[in-house]
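# Fold and contact review
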Amino acid sequence: MSDTRLHSLTAIPFAYEESALLGKLRLTAGTADAEEFLALLRRAAAVARPKALLKECFVEARTDETVTIEGITFTSRTLTANLASVHRVFAYVATCGHELDELPWEDPDDPLIQFWRDEIKAAALRSARQHLDGLFQQLMPGKSASMSPGSGDARLWPITQQVPLFRLLGDVSGLIGARLTESLLMLPNKTVSGLRFLTASDFRSCQLCRREACPNRSAPLDEARYAALMR
């Protein structure tokens, strides 16, 4: 019997704008580099299959340091604090799709080709995340936040917590082709995971991260919250 709380999104279209990607890469339309990149992009678009997995889950128990969700215990003071009054969460994985890793790229060892390839995979991941966000809003409309193992300060929610998160979701590899390695890396490399939940406050992991030079920072460090939760 299938789990009606588990949503596997495997038919997500790869949506992108060529001009936007050229601008992000600082490539001028019509130049040799731009044409080479667009050729790669169009080849990738023909095979790209972004995917996502979303599972509705329920909190069963809490301590000061742990939260148990459907028999699986996660250790994080910050996660426990964020879920203090939350009873329903959504576990998720979104990925660019393994098809892009299997595509034979020209000159795969060329650093520029590697950079372009990662940007194309990042664009595919954005498509997956957009569809995942849309489904989440249908299932639980309202203001929400998310936490991901390994995101932000190392103590915030350790990357080792990827293991129980994948266990909570079930057969992630079989359903959407994403997997967790023994060294806790997610493959394909443009894959994200976490827990999403309703909240009355604005929470982002970046608020508890001291890596000032992080290019993906989306919020400034909150010193007061850091002192309270990371002690």
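Being a predicted model, the structure only gives us computed values, none of them experimental. Per chain, the residues get numbers from 1 upward, laid out in the order the sequence is written. With pLDDT at 70 or above as the cut-off, local features in this predicted model cover only qualifying residues; side-chain atom pairs require 80 or more to be listed or tallied, and sums for whole chains, interfaces and linings still use all residues. Side-chain figures throughout are based on the complete set of non-hydrogen atoms in the structure, without hydrogens or water.

Side-chain atoms within 4.5 Å link the members of a nonpolar core, which is a set of buried Ala, Val, Leu, Ile, Met, Phe, Trp, Tyr and Cys residues. Classification of residues uses two cut-offs on accessible area relative to the type maximum, computed with a 1.4 Å probe and protein chains only: under 20% is buried, over 50% is exposed, and between them is partly exposed. Judged by nonpolar contacts, the single largest core of 34 residues is most densely connected at Phe 14, Leu 27, Phe 37, Leu 41, Ala 94, Trp 116 and Ile 120. Comment: elements are numbered from the N terminus, with helices defined as DSSP H or I runs of at least four residues and strands as E runs of at least two. Contributions of two or more residues to this core are made by helix 1 (18-24), helix 2 (32-47), strand 2 (51-62), strand 5 (88-95) and helix 5 (111-139). Whether two residues touch is decided by their heavy atoms; if any such pair falls within 4.5 Å, the residues are in contact. For Ile 120, the contacting residues outside a window of four places in its chain are Phe 14, Phe 37, Leu 40, Leu 41, Ala 44 and Trp 105.

Before going further, it helps to examine the pattern of salt bridges. Here, a salt bridge means any side-chain nitrogen of Lys or Arg that lies within 4 Å of a carboxyl oxygen of Asp or Glu. Throughout the structure, instances matching the rule amount to eight salt bridges. Here Lys 51 and Glu 99 are joined by a salt bridge, their closest N and O atoms 2.8 Å apart. Of this pair, Lys 51 sits in strand 2 while Glu 99 sits in helix 4 (residues 99-102), and the two are 48 residues apart along the sequence. For the pair Lys 51 and Glu 99, one class covers both residues: buried. The partner of Glu 56 in a salt bridge is Arg 88, with the nearest N and O atoms 2.7 Å apart. Residue Glu 56 is found in strand 2, and its partner Arg 88 is found in strand 5; the two are separated by 32 residues along the sequence. You can call Glu 56 buried: its relative accessible area is 15%.

Moving on, we come to the packing of helix 2 against helix 5. In contact at an axis separation of 10 Å, helix 2 and helix 5 are set at 50 degrees when each is read in the N-to-C sense. On the basis of the axis angle, helix 2 is oblique to helix 5. The hand of the helix 2/helix 5 crossing is right-handed. Where helix 2 approaches helix 5, its residues Asp 33, Glu 36, Phe 37, Leu 40, Leu 41 and Ala 44 are matched on the opposing element by Ile 113, Trp 116 and Ile 120. When the residues that make up the contact of helix 2 with helix 5 are grouped by side-chain class, the tally is seven nonpolar, no polar and two charged. Fitted lines through C-alpha atoms serve as axes, helices being fitted only where they are in contact, and the angles separating the N-to-C directions of these axes extend from 0 to 180 degrees. The cut-offs work like this: below 35 degrees is roughly parallel, past 145 is roughly antiparallel, 65 to 115 is roughly perpendicular, and the gaps in between are oblique. Crossing handedness is defined as follows: a turn of the near helix away from the far one that is anticlockwise and smaller than a right angle gives a left-handed crossing, while the clockwise case is right-handed. Amino acids are sorted into nonpolar (Ala, Val, Leu, Ile, Met, Phe, Trp, Tyr, Cys and Pro), charged (Asp, Glu, Lys and Arg) and polar (every other residue, Gly among them).

To continue, consider the side chain of Thr 199. Counting through the fold element by element, Thr 199 comes out in the loop between strand 9 (191-198) and helix 8 (223-229). Note on Thr 199: relative accessible area 17%, which makes it buried.

Here we take up a negative patch on the surface. Patch criteria: residues need more than 30% relative accessible area and no salt bridge. Like-charged residues are merged within 9 Å; nonpolar side chains of Val, Leu, Ile, Met, Phe, Trp and Tyr are merged within 5 Å. Throughout, the Shrake-Rupley method with a 1.4 Å probe supplies accessible areas, and for residues the shown protein chains are the sole cover considered. For the charge count, each Lys or Arg is scored as positive and each Asp or Glu as negative, with His and the chain ends excluded. Every charge is mapped onto a representative atom, which is NZ of Lys, CZ of Arg, CG of Asp or CD of Glu. Residues Asp 33, Glu 36, Glu 106, Asp 107, Asp 109 and Asp 110 make up a contiguous surface patch of negative charge. Along the chain, Glu 106 falls in the loop between helix 4 and helix 5.

The subject of this paragraph is the pairing of strand 4 (residues 72-75). On a regular strand, each side chain points to the face opposite its neighbour's, so the side chains alternate between the two faces of the sheet. Burial along strand 4 is one-sided: Ile 72 and Phe 74 are buried, while Thr 73 and Thr 75, pointing the other way, are not. Across four bridges, the pairing between strand 3 (residues 66-69) and strand 4 is antiparallel. Counted as the bridge partner of Thr 68 is Thr 73 from strand 4. Between any two strands, at least two bridges found by DSSP are needed for them to pair.

Looking now at helix 2. End to end, helix 2 covers 24 Å across 16 residues, agreeing with the expected 22 Å (1.5 Å per residue, within 8%). For helix 2, every residue scored as buried is listed here: Ala 34, Phe 37, Leu 38, Leu 40, Leu 41 and Ala 44. Taken down its axis, helix 2 places every buried residue within 160 degrees of arc, on the same side. Opposite the buried face of helix 2, by more than 90 degrees, sit the exposed residues Ala 32 and Ala 46. Among the structural elements, helix 1, helix 4 and helix 5 are those in contact with the buried residues of helix 2. Multiply 1.5 Å by the residue count of a helix minus one, and that product is the helix's expected span. As used here, the arc is the angular range of directions from the helix axis to the C-beta atoms.

Note on aromatic contacts: the rings of Phe and Tyr and the six-membered ring of Trp form a pair at centre separations within 6.5 Å, being stacked when their planes are under 30 degrees apart, edge-to-face when over 60 apart, and tilted otherwise. Going through the model one piece at a time under the given rule, you end up with four aromatic pairs. Centre to centre, the rings of Phe 14 and Tyr 16 are 4.9 Å apart; their planes meet at 45 degrees, and the pair counts as tilted. Looking at Tyr 16, the relative accessible area reads 29%, which means it is partly exposed. Judged by centre distance (5.1 Å) and plane angle (80 degrees), the ring pair of Phe 90 and Phe 136 falls under edge-to-face. Here Phe 90 is found in strand 5, whereas its partner Phe 136 is found in helix 5, with 46 residues between them in sequence. Overall, the relative accessible area of 1% leaves Phe 90 in the buried class. Residue Phe 136 is classed as buried on the basis of its relative accessible area of 1%.

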